[in-house]
Amino acid sequence: MATLVQKYGGTSVGSVERIENVARKVIEWKNKGDGNDIVVVVSAMSGETNRLIGLAESIIENPERKSSREYDVLVSTGEQVTVALLCMALQKLGQEAISYTGWQVPLRTDGSNSKARIESIDPENLSRELKAGKVVVVAGFQGVDDDNNITTLGRGGSDTTGVALAAAIGADECQIFTDVDGVYTTDPRVVKKARRLNTITFEEMLEMASLGSKVLQIRSVEFAGKYNVPLRVLSSFDEGTDNHGTLITYEDDEMEKPKVTGIAFTRDEAEVKVSNVKDTPGVAATILGAIADANIDVDMIVQNIGTDDRTDFTFTVKRNDYDEAVTVLNKLRETIGDDISISGDSSIAKLSIVGVGMKSHVGVASAMFSTLAKEGINIRMISTSEIKVSVVIDEKYLELGTRALHDVFELETPREMRA
Ligand code: ADP
Ligand code: ASP
Ligand code: MG
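Reference entry: report on the structure contained in this document.

Cut-off values and rules
- Residues numbered from 1 in each chain as written.
- Chains lettered and ligands numbered in written order.
- Predicted model: local features only at pLDDT ≥ 70, side-chain atom pairs only at ≥ 80, totals over all residues.
- Heavy atoms only, no water.
- Pairing = 2+ DSSP bridges.
- Helix = DSSP H or I, 4+ residues; strand = E, 2+ residues; numbered from the N terminus.
- Axes fitted to C-alpha atoms, helices over the stretch in contact; angles between N-to-C directions.
- Near = heavy atom within 4 Å.
- Polar contact = N/O pair within 3.5 Å; in protein donor to acceptor, adjacent residues only side chain to side chain.
- Areas by Shrake-Rupley, 256 points an atom, 1.4 Å probe, with all protein chains shown as cover.
- Nonpolar A, V, L, I, M, F, W, Y, C, P; charged D, E, K, R; others polar.
- 1 Å grid on protein atoms, 1.4 Å probe; cavity = no way out; pocket = protein on both sides within 12 Å on 5 of 7 lines; lining within 4 Å.
- Points joined across faces, edges and corners; volume = space filled by probe spheres on them.
- Salt bridge = Lys/Arg side-chain N within 4 Å of Asp/Glu carboxyl O.
- Buried < 20%, exposed > 50% of the residue type's maximum accessible area, 1.4 Å probe, protein only.
- Parallel < 35°, antiparallel > 145°, perpendicular 65-115°, else oblique.
- Left-handed = near helix turned anticlockwise from the far one by under 90°.
- Contact = heavy atoms within 4.5 Å.
- Core = buried A, V, L, I, M, F, W, Y, C linked by side-chain atoms within 4.5 Å.

1. Comments concerning the sheet that holds strand E12 (residues 246-249)
Within a sheet, neighbouring strands are paired by backbone hydrogen bonds and run either parallel or antiparallel to one another. Strand order in the open sheet formed by 8 strands is E3-E6-E2-E1-E9-E11-E12-E10, and the pairing between neighbours is mixed. Pairing within the sheet leaves two strands with one partner each, and these edge strands are strand E3 (97-100) and strand E10 (199-201). The sheet shows a mean angle of 20 degrees between the axes of neighbouring strands, direction not considered. As defined by bridge partners, strand E9 (residues 173-178) adjoins strand E11 (residues 231-235) across 5 bridges and the pair is classed as parallel.

As C-alpha cells, this is what we get:
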C-alpha cells in the first residue's frame, strides 16, 4: 500500500465530464494492488483563473500589485469550485471523499500575496481523513498567512501545493497529471518532433522550469529536490495506471549525459535600454536599485564598456513590468542626468538550451550561436551557466530558432543513439 499525492491541472478538470473522468482515475489508483491512500490536488477549471483576473482588471489596473489581498481572495475561488465538484463526482461513484481549502488544511504561507511561499503544513487533518478511508481533495494554489489572510502561490502554483503536501504527509510519490504525457525535449505544442523523456534530473528540470517550461512550476521542483519527494509527470488522458511518464531524478554517475537535454523558452520578456549614462561608480546600483524598489525583477543585465565617460546599460524584465520599468527610469533622470536616453522593446523572447552534459562538453554554446546565425536570427543578449545557455532574440523568430536547435542537437533521437 502506498500513499500518493495526485495533482490534476486545469485542462484535466476543464469540464464536468473531465472531472468525472478524473474521479474514475482516482478510484482506479485507490483500488490498485492492495489499495492506496490518495490525496488529490486540483487546479481551477481551465481558463477560470484568467477569467477571474480579467474581472479584476476591468475594475482596476494591475490588481495583482494594487490590491493584492483581494486579488488572492478572488483568484483562489477557482480551486474551491473544482474540489467540491470532484468530491461530488467521487461520491456519486461510491467513493467517500472530502474537500479541503488551503486554510482548512491548514497550509500556512508567508504574507506575500499573489506569490506567497509555503512555510508549514499540518498533516494531522489529512492523515485522519485518509485513515478513515476517504480520498482527500485539496484546493491547489492557495494557503493562509499568520493573520488569516488567504494567499496564493503564483501562477501554476497547484504543482507546488501537490509536492508540499506530499512532503508533509511523507507520500511515496507526487504525480502531476497534466495534458501531455510527460516532460518533453521542448514544448510539444511548438515542436511536433519533441520527444518525451523517461527521466530528467532535478538540476535540469529546475533550469527548464525557470527558463519558461511551464509543465512544472519552478517552486514545485525546488521543493521536491529539497524534501526528497519522488516527482513524476503523467497524462490525465491516458488510460490505466501503468504509464511511466517522466520521473524527475537525481543525477547518477552511470547516466548517459547528453550535451543538451531540452530547450526552454519564454515570450514573457521585455528589454529596457538606458543609453548615454555617465560611467561613474554606483550608477548600476542606482538604476537597478530603483527598479528593485519598484518590486520589478530583473533577469539579464549587460553593461557596455564605456567610451568618453558614457556607457549603455541594457536589462530584461517581465513583459508586464515593462511600462512600470520605463516610468521608474524616467523618474531617475533627476538623479543620473537628464541627457540619458531610455528605449526598449517588449517583443523579445528568451530561448535556452539546458543539459547537465554541458559541464563536460565544449562547443555547445558556439553550436547554438552558429545554428541561429544560419537561420538569420540575431542574438541580442547572452547569458550562460554550467548547464544552460540563454539568448534573447526577436520574438518573431522564436519558433524557428527552437526547431533549428532541436534538429542540430538531435533531440528527437534517444540520447544513447545520438551521433
Ligand atoms: P496544467 O494545467 O496541467 O498545470 P500547464 O499548461 O501548466 O498544465 O502545463 C502543461 C503544458 O506545458 C503542456 O501543455 C505544454 O504545452 C507545456 N510545456 C512547455 N514545455 C514543456 C515540456 N518541455 N514538456 C512538456 N510540456 C511542456
Ligand atoms: N489556477 C492557477 C493558475 O491558473 C494555479 C494552477 O493552475 O496551478 O495559475
Ligand atoms: Mg501548470
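2. Details of the site of ligand 1
Taken together, the neighbourhood of ligand 1 is formed by 17 residues, with Thr178, Asp179, Tyr184, Asp187 and Arg189 sitting nearest. Between ligand 1 and Lys7, the relevant distance is 3.0 Å, taken from an oxygen atom to a side-chain nitrogen or oxygen of the residue. Between Thr178 and ligand 1, the recorded distance is 2.7 Å, taken from a side-chain N or O atom to an oxygen atom. Expressed as a share of its isolated accessible area of 570 Å², the protein-covered part of ligand 1 is 89%. Here the shell around ligand 1 is built from residues that sort into 6 nonpolar, 6 polar and 5 charged.

3. Examining the layout of surface pockets
A probe matching the size of a water molecule, rolled over the atoms, marks out where space remains unfilled. Size it by volume and the second largest pocket reaches roughly 280 Å³. In this structure, the second largest pocket is lined by 16 residues; those nearest its centre are Ile118, Glu119, Phe223, Lys226 and Tyr227. Those elements giving two or more residues to the lining of the second largest pocket turn out to be strand E5 (118-121), helix H7 (158-169) and helix H9 (218-226). In terms of residue class, the lining of the second largest pocket is made up of 9 nonpolar, 2 polar and 5 charged.

4. So, the pattern of salt bridges
According to the stated counting rule, one finds 20 salt bridges in the structure shown. In this structure, the salt-bridge partner of Glu129 is Arg128, at a minimum N-O distance of 3.8 Å. Assessed through its relative accessible area of 7%, Glu129 is described here as buried. Take Arg128: its relative accessible area is 47%, and that puts it in the partly exposed class. The partner of Asp299 in a salt bridge is Lys350, and the shortest N-O contact between them spans 2.5 Å. Here Lys350 lies in strand E16 (residues 341-354) and Asp299 lies in strand E14 (residues 298-303), a separation of 51 residues in the sequence. Look at Asp299 and you get partly exposed, because its relative accessible area is 38%. Several salt bridges converge on common partners, so that one network encompasses Arg267, Arg319, Glu395 and Glu399.

5. A look at the site of ligand 2
Taken together, the residues surrounding ligand 2 are Ser43, Thr49, Glu79, Phe141, Arg155, Gly156, Gly157 and Ser158. Among the residues forming the shell around ligand 2, the class breakdown is 1 nonpolar, 5 polar and 2 charged.

6. Here we look at the packing of helix H10 (residues 283-293) against helix H11 (residues 322-331)
Orientation of H10 relative to H11, taken along the N-to-C sense of each, is 130 degrees, at an axis distance of 10 Å. With respect to their mutual orientation, H10 and H11 come out oblique. With respect to the hand of their crossing, H10 and H11 are arranged in right-handed fashion. Judged by residue contacts, Ile287, Ala290 and Ile291 of H10 engage Ala325, Val328 and Leu329 from H11.

7. Some details on the environment of Val183
Locating Val183 in the fold gives a position in the loop between E9 and E10. For Val183 and Val274, which are 91 residues apart along the polypeptide, the C-alpha to C-alpha distance reads 39 Å. Residues contacting Val183, with those up to four places away along its chain left out, are Arg195, Arg196, Leu197, Ile200, Met205, Val215, Val233, Thr246 and Ile248.

8. Details of empty space enclosed by the protein
Scanning the entire structure with this criterion turns up 1 cavity of 30 Å³ or more. Around the largest cavity, the lining residues are Lys25, Trp29, Phe177, Leu234, Ser235, Asp238, Gly240, Thr241, Asp242 and Asn243. At the level of elements, helix H1 (16-30) and E11 are the ones that each hand at least two residues to the lining of the largest cavity. Partitioning the lining of the largest cavity into residue classes produces 3 nonpolar, 4 polar and 3 charged.

9. Details of the sheet that holds strand E15 (residues 310-318)
Pairing is antiparallel in the open sheet, where 6 strands are placed in the order E14-E15-E13-E16-E18-E17. A strand with exactly one partner marks an edge of an open sheet, and here the two such strands are E14 and strand E17 (381-385). Shown here is a sheet whose adjacent strand axes are inclined to one another by a mean of 25 degrees, direction ignored. Where E14 and E15 come together, 4 bridges link them in antiparallel fashion. Along E15, the bridge assignment pairs Val298 with Val317.

10. Details of the nonpolar core
Core analysis: the biggest nonpolar cluster contains 40 residues, and Val138 and Met205 have the highest contact counts within it. The dominant element in this core, judged by the number of residues it contributes, is H7, at 5 residues. Not counting the four nearest positions on each side in its chain, Met205 is found in contact with Val183, Ile200, Val215, Leu216, Val221 and Ile248. With 24 residues, the next largest nonpolar core counts Tyr8, Val83, Leu90 and Phe177 among its residues.

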